[in-house]
Amino acid sequence: MSKVIIIEDSGVMAEYCGGMLKKAGFQTVTTPSVKGAKKLLEKSVPEDIILADYELEDGNCIDVMDWMTIMGYDNPVVVMTAHNRLDYGATAISRGAQCCILKQLLDDKLIPAVKNAEDSVRRKTQLKDVWRRESPAFVQLYKTVSIVAQTNLSVLIMGESGCGKEHIARMIHDRSKRSSKPWVPVDCASFTDELAESAFFGHMKGAYTGATDNGIGYFEQANGGTLFMDEIGNLSVRSQQMLLRAIQEKTYRPVGSMEQRKFDIRFVFATNLDFSTALANGSLREDFYFRIKQYQIQIPPLRECKEDIMPLAKYILKQGNALCDREVRGFDKSAEQMLLDYWWPGNVRELDAVIKAAIPMCEGDLLTADDLDIDDTIQWQKIRGSNLKDARTEFERRHTLKVIKSVGGNAQRAYELLGVPKSTFYDLLKRLDIPRSVLK
């Protein structure tokens, strides 16, 4: 159950709220000030809930919530006040509080409000998927996302293919004030000039051959919410100009219509494009580029965030087991080492594909290096700069694992095929750092 951080400068009220919450099964910690709240939040986890009095001894709850936004904390906040003032509630909710309750109604309202906050945490946790990362680079990136999500700036997300650009875009939407409004993802790589205008702006019946009904475009679908344009660098110069005009004027016109329509959309763009080259060769309009990059986020490739590899791999394995109706428990040392050594040109998307493809081929309860379909020629780049002894050891390890797999883990057949005596076979496995679990 979630922990509740009570921020209340009245000792009597803090004790009263704490008693109610403890009876309901919640753990609590208490502080009387904004300063104390910051210290507790620095030690908090995302599941913790904030219960804050509006007025505190050194400020108010708005100071706390504004600081949380700057620092990237998105814990749910419940505000309470002894003053029946509409502006208190409106201000608190506009800053991100889930609700504002009167202290006179705490007996009836407190526990339901905190349980609703707990449910919101649970829903956010369920939204976390395979792309959730915990490396220092991504922890900082998520804080940046929490800050920019609260604005209406257009965001340009840059990074290699498969690094999780849509994941970050969706997080911006989910943490924004538009989270309850439409989320509309669009793959810009699929558009020709002829299709782009109708796809984005819609069309009227009879606007062109085959337009037998009115068509709703992405701008209308996303109105009030977020329009995510992936692979924006694939749009033609003509399509860029069309979108630039609409974004600047905040209006568009469906194909075949004379009516200008207004829209309220948060734009998030993504690309793996080298903008310096695109600007130089004229395939990207400079004015369009500066319009879409009001705020820019760069996602690092997986090879620069090695701390993420095994946690992601274990999560993907859990998903893959469900898809394949298997119960593979994890990775042996050889598989872990291969995953950590590989440079992952396809980033997290490639990691996902490699592990899920390996699960049906796994004959034991642990994935081995031989189960992973990773190009040997790329793997060998790891040891090209090594000395001859290290290269020979790596070859022996890989060859031994292949032989063991080929005989189904039968130890006797393995050492016979390898041409080593039984008395030294297990010493060989130890020297090559091959776990005995690969044997049956």
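Shown above is the structure to which this text applies.
Attention in this report is confined to the structure presented alongside it.

Parameters at a glance
- Counting from 1, residues in each chain are numbered in the order their sequence is written.
- In view of the model being predicted, local features appear only for residues whose pLDDT reaches at least 70, and side-chain atom pairs are presented and counted only at 80 or more, with totals across whole chains, interfaces and linings using the full set of residues.
- Side-chain calculation: all heavy atoms of the structure are included, whereas hydrogens and water are not.
- We call a residue buried when its accessible area falls under 20% of the maximum for its residue type, exposed when it is over 50%, and partly exposed in between, using a 1.4 Å probe and counting protein chains only.
- Only runs of H or I of at least four residues qualify as helices and only runs of E of at least two qualify as strands under DSSP, and these elements are numbered from the N terminus.
- Working rule for contacts: check all heavy atoms of both residues, and any pair within 4.5 Å makes them a contact.
- Patches here: salt-bridge-free residues with over 30% relative accessible area, like charges joined within 9 Å, nonpolar side chains (Val, Leu, Ile, Met, Phe, Trp, Tyr) joined within 5 Å.
- The Shrake-Rupley method, run with a 1.4 Å probe sphere, supplies the accessible areas, and residue values consider only the shown protein chains as cover.
- For this analysis, a salt bridge means a side-chain nitrogen from Lys or Arg found within 4 Å of a carboxyl oxygen belonging to Asp or Glu.
- This count recognises Lys and Arg as positive and Asp and Glu as negative, with His and chain-terminal groups excluded.
- Positions of charges follow a simple convention, taking NZ of Lys, CZ of Arg, CG of Asp or CD of Glu.
- Any pair of nitrogen or oxygen atoms within 3.5 Å is treated as a polar contact; in protein, a donor-acceptor pairing is required on top of that, and neighbouring residues in sequence qualify only through side-chain atoms on both sides.
- The pairing criterion is simple: DSSP has to find at least two bridges between the two strands.
- In summary, the pairing rule links any two rings of Phe, Tyr or Trp, Trp by its six-membered ring, whose centres are within 6.5 Å, and it sorts them by plane angle into stacked for under 30 degrees, edge-to-face for over 60 and tilted for everything else.

### Remarks on helix 7 (residues 165-174)
Helical periodicity: at 3.6 residues per turn, an α-helix aligns residues three or four positions apart in one direction.
Thought 1: In terms of residue burial, helix 7 counts as a mostly covered element, since 7 of its 10 residues are buried.
Thought 2: Within helix 7 the residues assigned to the buried category are Lys165, His167, Ile168, Ala169, Met171, Ile172 and His173.
Thought 3: Where helix 7 is buried, its residues meet helix 6 (136-149), strand 8 (155-158), strand 9 (183-187), strand 10 (226-230), strand 13 (266-271) and strand 14 (295-298).

### With respect to a negative patch on the surface
Thought 1: Residues Asp9, Glu55, Glu57, Asp58 and Asp63 make up a contiguous surface patch of negative charge.
Thought 2: When you line up the elements, glutamate 55 lands in strand 4 (residues 55-56).

### Re the environment of arginine 178
Thought 1: Considering the arrangement of structural elements, one finds arginine 178 in the loop between helix 7 and strand 9.
Thought 2: A relative accessible area of 10% places arginine 178 in the buried class.
Thought 3: Along the primary structure arginine 178 and threonine 226 are separated by 48 residues, whereas in three dimensions their C-alpha atoms are 7.2 Å apart.
Thought 4: Not counting residues within four places of it along the chain, the set of residues in contact with arginine 178 comprises Asn152, His173, Gly224, Gly225, Thr226, Asp264, Ile265 and Arg266.
Thought 5: Here the side chain of arginine 178 touches glycine 224 through a polar contact of 3.1 Å, landing on its backbone oxygen.
Thought 6: Of the polar contacts made by the side chain of arginine 178, one reaches the side chain of aspartate 264; its length is 2.7 Å.

### Structural notes on the pairing of strand 8
Each regular strand carries side chains that alternate between the two faces of the sheet.
Thought 1: Burial along strand 8 is two-sided: Val155 and Ile157 and Leu156 and Met158, pointing in opposite directions, are all buried.
Thought 2: Examined bridge by bridge, strand 8 and strand 14 share 4 bridges and lie parallel to one another. Across the sheet, residue valine 155 finds its bridge partner in strand 14, namely tyrosine 295.

### Structural notes on the packing of aromatic side chains
Thought 1: Applying the stated criterion across every chain yields a total of 16 aromatic pairs.
Thought 2: Ring geometry for tyrosine 342 versus tryptophan 344: centroids 4.5 Å apart, planes at 80°, classification edge-to-face.
Thought 3: Centre to centre, the rings of phenylalanine 425 and tyrosine 426 are 5.3 Å apart; their planes meet at 70°, and the pair counts as edge-to-face.
Thought 4: Every member of this aromatic cluster is reached through a ring pair, and the members are Phe200, Phe201, Tyr218, Phe219, Tyr252, Phe263, Phe267 and Phe269.

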